[in-house]
There are 4 protein chains.
Amino acid sequence: MIIVIKKQKDEKQLNNLLDWIKDLGLGVHLSEGDNSTIVGLVGDTSKVDIDLVRSLDIVEGVRRIQEPYKNANRKFHPDDTIVNINGHKFGGKYFQYIAGPCSVESEKQIIEVAQAVKEAGATVLRGGAFKPRTSPYAFQGLRDAGIELLLKAKHETGMPIVTEIMSVRSLDLFKDVDIIQIGARNMQNFELLKEVGRAKKPVLLKRGLANTIEEWLMSAEYLMSEGTTDIILCERGIRTFEPYTRNTLDLSAIPLLKELTHLPIIVDPSHASGLSRLVKPLSLASVGAGADGLIIEVHNDPPHALCDGAQSLRPEQFADVVQAASVVLPLVNKVRD
Amino acid sequence: MIIVIKKQKDEKQLNNLLDWIKDLGLGVHLSEGDNSTIVGLVGDTSKVDIDLVRSLDIVEGVRRIQEPYKNANRKFHPDDTIVNINGHKFGGKYFQYIAGPCSVESEKQIIEVAQAVKEAGATVLRGGAFKPRTSPYAFQGLRDAGIELLLKAKHETGMPIVTEIMSVRSLDLFKDVDIIQIGARNMQNFELLKEVGRAKKPVLLKRGLANTIEEWLMSAEYLMSEGTTDIILCERGIRTFEPYTRNTLDLSAIPLLKELTHLPIIVDPSHASGLSRLVKPLSLASVGAGADGLIIEVHNDPPHALCDGAQSLRPEQFADVVQAASVVLPLVNKVRD
Amino acid sequence: MIIVIKKQKDEKQLNNLLDWIKDLGLGVHLSEGDNSTIVGLVGDTSKVDIDLVRSLDIVEGVRRIQEPYKNANRKFHPDDTIVNINGHKFGGKYFQYIAGPCSVESEKQIIEVAQAVKEAGATVLRGGAFKPRTSPYAFQGLRDAGIELLLKAKHETGMPIVTEIMSVRSLDLFKDVDIIQIGARNMQNFELLKEVGRAKKPVLLKRGLANTIEEWLMSAEYLMSEGTTDIILCERGIRTFEPYTRNTLDLSAIPLLKELTHLPIIVDPSHASGLSRLVKPLSLASVGAGADGLIIEVHNDPPHALCDGAQSLRPEQFADVVQAASVVLPLVNKVRD
Amino acid sequence: MIIVIKKQKDEKQLNNLLDWIKDLGLGVHLSEGDNSTIVGLVGDTSKVDIDLVRSLDIVEGVRRIQEPYKNANRKFHPDDTIVNINGHKFGGKYFQYIAGPCSVESEKQIIEVAQAVKEAGATVLRGGAFKPRTSPYAFQGLRDAGIELLLKAKHETGMPIVTEIMSVRSLDLFKDVDIIQIGARNMQNFELLKEVGRAKKPVLLKRGLANTIEEWLMSAEYLMSEGTTDIILCERGIRTFEPYTRNTLDLSAIPLLKELTHLPIIVDPSHASGLSRLVKPLSLASVGAGADGLIIEVHNDPPHALCDGAQSLRPEQFADVVQAASVVLPLVNKVRD
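Scope of this entry: the structure provided in the associated data block.

What counts and how
- Residues numbered from 1 in each chain as written.
- Chains lettered and ligands numbered in written order.
- Predicted model: local features only at pLDDT ≥ 70, side-chain atom pairs only at ≥ 80, totals over all residues.
- Heavy atoms only, no water.
- Least-squares fit on C-alpha atoms with pLDDT ≥ 70 in both.
- Contact = heavy atoms within 4.5 Å.
- Helix = DSSP H or I, 4+ residues; strand = E, 2+ residues; numbered from the N terminus.
- Expected span 1.5 Å × (residues − 1).
- Buried < 20%, exposed > 50% of the residue type's maximum accessible area, 1.4 Å probe, protein only.
- Salt bridge = Lys/Arg side-chain N within 4 Å of Asp/Glu carboxyl O.
- Polar contact = N/O pair within 3.5 Å; in protein donor to acceptor, adjacent residues only side chain to side chain.
- Nonpolar A, V, L, I, M, F, W, Y, C, P; charged D, E, K, R; others polar.

## What to know about the relation of the copies chain A and chain D
Then comes step 1: When chain A is fitted to chain D, the residual RMSD is 0.0 Å, and the transformation amounts to a turn of 180° plus an axial shift of 0.0 Å. Viewed as a symmetry operation, the transformation between the two copies matches a two-fold axis. For chain A, the minimum C-alpha distance to the rotation axis belongs to F241 of chain A and amounts to 2.2 Å.
Then comes step 2: Residue by residue, 100% of the interface of chain A is reproduced at the interface of chain D, so both copies engage with the same surface.

This is the structure in structure tokens:
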């Protein structure tokens, strides 16, 4: 960490700062320039409160040199983390499909969709039981009953399941859930991160609506600092000024994350755009960008004509995506397993 | 709500859509144009899932005419809501100062700051017991003990207190807290909103990092749909591309919110910029824009030189802000009470 | 266009508005609701000044139904525009590579790079003569002399050339340039758009730093309204809050633009990220998303070690991208020609 | 400038970099850490191409310590620049009102508005002759004839005038214009900046739609590097994700700019929101934030009922703003002159 001190500085304040840094167990390296003094901090600066330093009267600016995350940092863990879910591997050379309906609606629906996506190539079943909705008047999911139905589908098809948690109160319900999903709106729900982290189960951690890559990795760090090791990151689009799409899918994040962290990273093209007709092009784009997997909404509901065309694909459309993507996988040195 | 149907449409799908709308108890008004067909929905459309409609194959676009929030909507509640906290009124013609330290640190600290800000003109005491921090390695607050210290300061000074809740698990601790704060990162923690809403206590609802005004009012609607009536909205800056400030304070939101909702709205100039030297100009700006109050960080810690210059003001600087702002209040038809 | 009129409206103002709409040659369709009155406009509303209408006292909101662009709109021109540059086709089923150095530096450099990228598969040569730089102290390009060198490279290799124009004053210099590039910072330089539009030459129109898809198409409309027909759109990343990448490449824009417009769209992965090591993954992603081509920075300067690793690829790295992308092209029904 | 070198570095590349830095006449200070090597650059680093350095293979990151602007930098010019327009001073302790219509429409209109705003307290007349419009089908201004009408109004009322330039081609027309305005969309039209800079006339430089404070000051630097000294910066709102307002007015920029630069800074509350009813609160807010002036749209067109309510104020509403703001001026140590 580099602290730039103003030219007109109060020497006493500077000494206070230097003492404070040394009290944190860090070394200090001072160099005087014409227009400013540079203080270099040597040692583990992840515990330094950068906002506090930045706010000091004598400080002109602070620049971090070292990333503030450690457990999630590839520098300290050069090998890819492989998250193994009942034999299905995320990370490294492996590529996986997670698929299923937006919401769990009924036993028949979830089992039928599970069978269909399994046949088409998915290895993990997704389905929303607790649904985060902007409006209190919108359908909030089947909740506890939804988890039950997912477990039935798991039992029926042998597919491991992933579903979103929205409150520490429902943690007990997730005992047999294979991957706990932390949604975008809860990415910085730190109390939830801590409790889920202590469960030491695999976690699918979605990027927040408007969170930086660094903040995202810091949320992974929350989970890891409590003992979780198996984290799958999920890019799902960020908020920008563009109104045509619900979110702007940030695919540059994928090769960048491959440098910054050893954790696997998958993409959710269904939520990113909110439009089913964008799922295929964005899926191929994600594979090309080097993602470790895709999580795609698939429904199986032909008679219920209203839903036709939603952000969910029909099973045959999902199969077509899997088919097309399989051609790209060797280019990015990936295999399905 | 207006639904624009594509020119090349499937008549069967259109009829399915029209039937579905009628099943929701809404009227339908159809007008055929050269390039598209317009479906107008008549009635209470707040229950219509706009994302679902937008995703239909035959739909080109959907435009909401009516706001999706009802309890928070000024259209249905033209009179200002006045939130009365132990006789101190927020909203209408009233203006209040909330002040106190970023974090509660000790009994001596919180009581001294409380006395100082009370003398300078604050009517409500703030102080963080549970602290949302990006890093798991940063100080997380005194937690339960912090609430205890705030209650002591309340007892000592007679000032009502406001402090942030971060988990449903700590709701019991907030029994004697006068205003429960929902922080920016929890603005869309819907399960927390519902449980806090059921407590029917006054709530200070901060705007999320990158949330629209409409989403903010929908979060207020979550609280109100569970029975809460006393909500104070708090603008604290939004996330933009500008790196010089931590957030961009959105003061245009204040006169706009005055039109859209009957709820009081205050401003947090301390967190918006993260720089104490910006607090006074942004405070005067907020009063000029028509805010119903300010929440300002104040500390009282001269020997602890490091903190000097942080985003917190010293008590005498806070008194100076109160003094200066008092000149502006009559211009915006506000009084302190 | 739908205009929502406030409940408490001034009838005289409403009548003035209705008269003004009729004077524009538009039909009016009025429907009274409980909380608002809806005015539907029938006819060609592209000439209606939406900001003016929105600002009227009696107006609660305005929603456009029809896009404000006509010449660029796929609705009115369902077939893909194929831009033919000396036999190399952009759009439809065709895919092209544009490649070359960031800046033209010398005759030797530009000719060597041209030969190298031609051999690797590029069909059009790029190179900056006029360079838009944030700082007046940074290298501004060889300017007129740079154009001369590009023309020599064109003569030597037979490759058509594309280079950026920054001022109407240099339009004469672009007589023999095959494609005139309008850069991101000039996307809304309307006087430049008009003059370039009158030249009726092929134009490469980059998306502005923070411009919406609609504004981008409106800038194409400026060119088309002056007579230009051959426009290639170029996505190059948009500005977001994320600091790790220079820009956020918006690949969702590609399938969306395919619906909205008939114009070809290519991607610039070099400028989007500013990092050469991201060029390959983002190139594959762009092809997967359905782009009609790529524009990639390539340099050929091994002795000048400093530049090694810049956002430019070396020729052999570029050849590797072309090789890898060729596997994806059939998946998106594209051929090189 | 601080360059962080990767742990696994190529020594030859590092030496090349160090030589290149020394060739630029800069000193180098090297410090080896456990996980990275830090290179400190000593001297005037404004000529270092930060993007080039960042892109090197061996570089992990670059942090600027010194601002890249010099002429505009308060560090090197501690005293406020006072821009004197016919005796009306911008900057320092002075506060000015610029007012006038959005577009110049007729001789009668511009003279009537000029007289009205002069009487209400404006000292400079604004009016658009060349209008930047997103759509080629929208009114583009009276252009040359508009400038003529402004000059007539100047002659009639004695008020200096400010109007926007959109192309280097019209520079001759601006000979008698007192302040040349560079609009938001041309803030990074560098060729225009250079030519206007050479005219050495006072310039009103608006902030771009999505430009950082640093980029804005770099555009001022373009003007200053060509010889212009009298620049008035104008904050007019930035682009964010919020759809309710046209732009988000960034008032935090004002106190920040007061630290970073010696140039005066005014605010345009009319364009920021696009809503006339927000002009008064945002004007008071701007004064409170410490602005050196306001530029406000005022029209004078009662019979043309349609415009009533637009983003423009009527003269009596403008007078009311001036009246109210006069109460705030002493608080921020400002006088009108």
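So, next bit.
## Re helix α6 (residues 213–225) of chain A
Residue and element names in this part refer to chain A.
Then comes step 1: Between its terminal C-alpha atoms α6 stretches 18 Å, which fits the 18 Å expected from 13 residues at 1.5 Å a residue.
Then comes step 2: Taken across its 13 residues, α6 has 11 buried, putting it largely inside the fold.
Then comes step 3: All buried positions along α6 are accounted for by I213, E215, W216, L217, M218, S219, A220, E221, Y222, L223 and M224.
Then comes step 4: The first or second residue beyond α6 is G227, which carries a positive phi of 120°.

## Comments concerning unusual backbone geometry
Then comes step 1: At N333 of chain A, a residue that is not glycine, the phi angle is positive and equals roughly 60°.
Then comes step 2: Take N333 of chain A: it is sitting in the loop between α10 (315–328) and β15 (335–336).

## Some details on the interface of chain A and chain B
Then comes step 1: Taken together, the contact between chain A and chain B spans 56 residues of the former and 56 residues of the latter.
Then comes step 2: The interface formed by chain A and chain B holds 6 salt bridges in total.
Then comes step 3: R169 of chain B is paired through a salt bridge with E195 of chain A; the nearest N and O atoms lie 2.6 Å apart.
Then comes step 4: Linking chain A with chain B are 24 residue pairs in polar contact (both at pLDDT 80 or more).
Then comes step 5: Breaking the side of chain A that touches chain B down by element, the ones donating at least two residues are α1 (11–23), α2 (50–54), α5 (190–199) and α6 of chain A.
Then comes step 6: Ranked by residue count, the leading element in the side of chain A that touches chain B is α6 of chain A, at 5 residues.
Then comes step 7: Of the residues assigned to the side of chain A that touches chain B, the class counts are 20 nonpolar, 18 polar and 18 charged.

## Looking at the pattern of salt bridges
Then comes step 1: By the definition in use, this model includes 88 salt bridges over all chains.
Then comes step 2: Between D176 of chain B and K175 of chain B there is a salt bridge; the shortest N-O distance is 4.0 Å.
Then comes step 3: Close ionic contact of E316 of chain B with R314 of chain B constitutes a salt bridge, the shortest N to O distance being 3.1 Å.
Then comes step 4: Three or more residues are tied together by salt bridges with common partners; here these are R207, E235 and D250 of chain A together with E242 of chain C.

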